[in-house]
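# Coordinates in review
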Amino acid sequence: MDLVNQFLNGLRARLSAEELDDLNTAHGAAQEDIDTLRAQYPDCPESLIRLLENIDGTYWRKYGDKEITVCILGSDVEEGRYPYYLLSTEEMLKSSKQEEDVSYLLEYEEDEEAVDPKINSEGLLPGQYIHFSDCMNNGGTSRLYIDFNPSDLGVKGQIIRFLHDPDEYAVIANSFDAYLQMLIDGEYVYLSEDED
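This section reports on the structure supplied with the text. In this text the structure is predicted, and so the values were computed from the model without any measurement.

Take the sheet that holds strand E6 (residues 158-163) next. Pairing in this open sheet of five strands is antiparallel, and the strands run E3-E4-E5-E6-E7 from one edge to the other. Strands at the two margins of the open sheet, each flanked by one partner only, are strand E3 (84-86) and strand E7 (168-173). Strand-to-strand twist across the sheet, computed as the mean angle between neighbouring axes with direction ignored, equals 30°. The pairing of E6 with E7 spans five bridges and is antiparallel. Looking at the pairing, Leu163 lines up with Glu168 of E7.

Dropping the structure here:
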């Protein structure tokens, strides 16, 4: 079984009945949007394309008459328990056009560790990254990126997690495949309900 199907099967097995019902409403991205993403980002990981061919976003995404908001991704925040939405192909194309400046964090000695040395000190430049996910707090707290312009210490295609307050940019996986595998290996802990 390929990685994307493995990820999706494990995900569906762990969603609540309501979330699964919402996710089953979703469909894949239009071929035109996929072609545009590939044209603008020739290094776009095939596993992200495959995911988008199955689900074209879960972030207040309208499919027919139904709007869904299902967190299907995670990161390392809160020991992996913090959930994230998948942006649609259209949202990725739109939101990846801005520069993500990290220089304000590099200016202060005490914030030296706020930017992973694998990340280019010029920041995330337009056309050099894909913003693919926002956290459950509408992206205000944390966002995820695929980085195609790393520092000499990094790897092209690495996954960057931004976290707000205190601001921090960290590499959490060397590739989108490794990122999906991390979520699988973590047993989708971000979907677990707190039992307080």
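Let's shift gears to the side chain of Arg61. Within the fold, Arg61 resides in strand E1 (residues 61-63). Note on Arg61: relative accessible area 19%, which makes it buried. When neighbours within four sequence positions are excluded, Arg61 is seen to be in contact with His27, Asp56, Lys66, Glu67, Ile68 and Ser88.

So, about the nonpolar core. Ranked by size, the top nonpolar core spans 50 residues in total, and within it Phe7, Leu11, Leu73, Ile130, Phe132, Phe176 and Tyr179 carry the most contacts. Look past the residues within four positions of Tyr179 in its chain and what remains in contact with it is Leu73, Gly74, Phe132, Leu144, Ile159, Ile172 and Ala173. By size, the runner-up hydrophobic cluster in this structure holds twelve residues, among which are Val102, Val115, Ile160 and Val171.

Here we take up the pattern of salt bridges. Scanning the model with the defined rule gives nine salt bridges in all. Its salt-bridge partner being Asp43, residue Lys156 comes within 3.0 Å of it at the nearest N-O pair. With a gap of 113 residues between them, Lys156 in the loop between strand E5 (142-147) and E6 and Asp43 in the loop between helix H3 (31-40) and helix H4 (46-54) connect regions that are remote in the sequence. Within the structure, one salt-bridge network assembled from shared partners comprises Asp21, Asp22 and Lys66.

On to the side chain of Ser75, then. By secondary structure assignment, the location of Ser75 is in the loop between strand E2 (66-68) and E3. Within the structure, the side chain of Ser75 is placed 3.1 Å from the backbone nitrogen of Val77, a separation counted as a polar contact. A polar contact is formed between the side chain of Ser75 and the side chain of Tyr84, at a distance of 2.9 Å. Once residues within four sequence positions are removed from consideration, Ser75 is found in contact with Gly80, Tyr82, Tyr84, Leu144, Arg161, Ile172, Met182 and Leu183.

Calculation criteria
Residues numbered from 1 in each chain as written. Predicted model: local features only at pLDDT ≥ 70, side-chain atom pairs only at ≥ 80, totals over all residues. Heavy atoms only, no water. Pairing = 2+ DSSP bridges. Helix = DSSP H or I, 4+ residues; strand = E, 2+ residues; numbered from the N terminus. Axes fitted to C-alpha atoms, helices over the stretch in contact; angles between N-to-C directions. Buried < 20%, exposed > 50% of the residue type's maximum accessible area, 1.4 Å probe, protein only. Contact = heavy atoms within 4.5 Å. Core = buried A, V, L, I, M, F, W, Y, C linked by side-chain atoms within 4.5 Å. Salt bridge = Lys/Arg side-chain N within 4 Å of Asp/Glu carboxyl O. Polar contact = N/O pair within 3.5 Å; in protein donor to acceptor, adjacent residues only side chain to side chain.

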